[in-house]
Amino acid sequence: MLPIEAANKKLKKRMKREQMEADAEMAEAAVNRERFVIPTDEELAQTTSLQDVNMRIKDVVGVLSDFAANRDPNRSRCEYIDLLRKDLCLYYSYNDFFMGLLMDIFSPNELLEFLEASEIQRPLTIRTNSLKTRRRDLAQALINRGINLDPIGKWSKEGLVVYSSQVPLGATPEYLAGHYMLQGGCSMLPVMALAPEENERILDMCAAPGGKSSHIAALMKNTGVLFVNDANKERLHAVLGNFHRLGIQNAVVTCVDGIKYGNIMKGFDRVLLDAPCTGSGVISKDPSVKATKNDIDVQRCYNLQRRLLLTAIDCLSASSPTGGYLVYSTCSILPQENEWVIDFALKRRNVRLVPTGLDFGVEGMTSFGPHRFHPMMKLTRRFYPHTHNLDGFFVAKLQKFSDAIPKHVTDDPMEDEVVEEEAEEVKLPKKIDKRDWYYKDIVDERKAQRKDTDHIVTVFQKPTNVGKKVTKKPKQKQSNATDAEQKEQPAGSGKTKQPTANGTPNKQRKPMVNKTELREAEETLRLKKKLQQVQGQNGTGGQGKKNGAGGQGKKNGEKKGQGVKKGAFKNKVGKMRKVK
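Here is what the cut-offs are and how they apply
Residues numbered from 1 in each chain as written. Predicted model: local features only at pLDDT ≥ 70, side-chain atom pairs only at ≥ 80, totals over all residues. Heavy atoms only, no water. Patch = residues over 30% accessible without salt bridge, like charges linked within 9 Å, V, L, I, M, F, W, Y side chains within 5 Å. Areas by Shrake-Rupley, 256 points an atom, 1.4 Å probe, with all protein chains shown as cover. Salt bridge = Lys/Arg side-chain N within 4 Å of Asp/Glu carboxyl O. Lys, Arg positive; Asp, Glu negative; His and termini not counted. Charge placed at Lys NZ, Arg CZ, Asp CG, Glu CD. Helix = DSSP H or I, 4+ residues; strand = E, 2+ residues; numbered from the N terminus. UniProt positions renumbered as here; feature names shortened; annotations may be inferred. Contact = heavy atoms within 4.5 Å. Buried < 20%, exposed > 50% of the residue type's maximum accessible area, 1.4 Å probe, protein only. Pairing = 2+ DSSP bridges. Right-handed = clockwise from strand over helix to strand, strands pointing away. Phe/Tyr/Trp six-rings, centres within 6.5 Å; stacked < 30°, edge-to-face > 60°. Lys NZ or Arg CZ within 6 Å of the ring centre and 35° of its normal.

J.: Explain a negative patch on the surface residue by residue, including any values.
T.: On the surface, Glu 18, Glu 21, Glu 25 and Glu 28 cluster together into a negatively charged patch. Here Glu 18 lies in helix 1 (residues 3–32).

Spelled out as structure tokens, the structure:
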């Protein structure tokens, strides 16, 4: 036996002996340990150190782990749970509602592990762009630049985890050349479950900033058509920049509300829906989630997610020879945003759950409190930071087997619920973040409701009541002229205007008079005055047949009166010429 082997055996024996002694000491301490007593309200108010709170949390968790043996006979389990919730909210800075949801999901020991893991940043990961390079060549190039990295795991052929770097990963020549994409490890899981194939027609309904879409295009090898959609136009700028850098050429970028996408285009082979959520699985990236989320936020996300999911299912084609699959994913661990949404879709559309193809992950919940979900919910996968060292994530894969909508489902089952939600007035915060899509939509909707297209006059626009005062005088003159004309018309003409019951001429009044009509009215008034002058000259000159006043009027080019007939006027002129 070699000396090193003998030393190894001695070391193992010593470690085994020390472990046995430690276990015996722990067992003795557990027996002799004093039973934990719930402190009074005065003692809780006097607590000033977080270390005391942490010790009390561990004691309460120890009691709950073996409640029958460690409990106080005069205390109920609810009292221990309430004390644990208050201490956890104080120590980890969570609000009471969100901590209650987490306590319903995890056991006390697992809850502590989740909370501790959520306080630590996840390792930085990158995804190799298979359109331009291979993972082995990329890893060698980055190692030569002083970057310490390893493959992310056996489950991914393209991911790399970065431990340390001497240069910024977003400024290396390889990054600028499009050889890799900064992307979380959990974001690769939905695309792997979708399993896109070449020459397919695929839709990514909520695509920004484009990490999953670029992964799909790489697996499609720039063939087929990839429709990349997002409702936020500003976020699509990042999508376009990443696509140009990565060399993606089979993508069509659209900016449409995902709920209305089915009215524009259908018949996709595969659809990826990474729905908006509360972000309860990425607390390490956004710690504000711990104190800001409430039941209204959860309900709002749940309503939006199920509407998006129904639209995504309607966009699928059940007759696709290679597809007909949909992947639903969220970066949330709450059942309200995951299993509830999938269970709702299973009742409303002709779809079924299929295996995701992911070899690891926790099975989905089939029950949560009083709620019971579909038994096939076990095919979905959950990922936790304390278990898989990834951000909290949920992945479900559905297959559509019929394009018809079930008979028990109405044509638009969501309309009534949306009306009920919008009926309640939402209080807007004083400062609204431009990135908050929910409040932005409410502000735009309220502006549209306040806008009055009938009365509000915009800049450089003529008022709608122009010309009302100006048109009064011409109308009066015109009416006076018509009255005078009726008086002076010959009795035998037979063309007098019959007044109506109100004493006004039987003529339709126009609500608006423009400049052209005003000009025509003035011209007719001038001609009528001229006609009156001619008729006056005819009356003062005696008999028109002998004096030839009618012929003189014709030579001067004046127009005839409205009551003079054309044939009678010609006869008069002919007789005047014969007299001469």
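From this point, the narrative continues.
J.: Requested: an account of the UniProt feature "active site" (unreviewed entry) in the protein, with residues and values cited.
T.: Look at the UniProt record and you will see "active site" (unreviewed entry) annotated at Cys 331. One can find Cys 331 in the loop between strand 9 (325–330) and helix 15 (339–348). Residue contacts for Cys 331: discarding those within four places in its chain leaves Cys 277, Gly 279, Ser 280, Gly 281, Val 282, Gly 392 and Phe 393.

J.: Quick rundown of the pairing of strand 1 (residues 124–128)? Include the residues and the values.
T.: Extensive coverage of strand 1 is indicated by the burial of 4 of its 5 residues. In terms of strand pairing, strand 1 meets strand 4 (residues 180–182) through 3 bridges, oriented antiparallel. When the sheet's bridge partners are listed, Ile 126 is paired in strand 4 with Leu 182.

J.: Talk me through the pairing of strand 6 (residues 225–229); I want residue IDs and the actual numbers.
T.: Most of strand 6 is tucked away, with 4 of its 5 residues classed as buried. As defined by bridge partners, strand 5 (residues 201–204) adjoins strand 6 across 4 bridges and the pair is classed as parallel. Residue Asp 204 lies in a different strand from strand 6, and its bridge partner there is Val 228. Taken together, strand 5, helix 11 (residues 211–220) and strand 6 form a β-α-β motif whose crossover is right-handed. Here strand 6 runs beside strand 7 (residues 251–254); their pairing, made up of 4 bridges, is parallel. Paired with Leu 226 across the bridge in strand 7 is Ala 251. Handedness of the strand 6-helix 12 (residues 236–246)-strand 7 crossover: right-handed.

J.: Describe the packing of aromatic side chains, and please don't skip the residues or the numbers.
T.: Applying the stated rule across the entire model yields 11 aromatic pairs. With a centroid separation of 5.2 Å and an interplanar angle of 70°, the aromatic rings of Phe 106 and Tyr 384 are classed as edge-to-face. You can see Phe 106 sitting in the loop between helix 6 (96–105) and helix 7 (108–118) and its partner Tyr 384 sitting in the loop between strand 14 (381–383) and helix 16 (385–388), a full 278 residues away along the chain. The exposure classification of Phe 106 matches that of Tyr 384, with both residues buried. With 6.3 Å between their ring centres and 45° between their planes, Tyr 261 and Phe 268 make a pair best called tilted. For Tyr 261, a relative accessible area of 2% gives the class buried. Residue Phe 268 is classed as buried on the basis of its relative accessible area, which comes to 0%. By way of ring pairs, the aromatic residues Phe 106, Phe 114 and Tyr 384 are connected into one cluster. Across the ring face of Phe 268, the terminal group of Arg 201 is positioned such that the distance to the ring centre comes to 4.8 Å. The ring of Tyr 325 is capped by Lys 397, whose NZ or CZ atom sits 4.7 Å from the centre of that ring.

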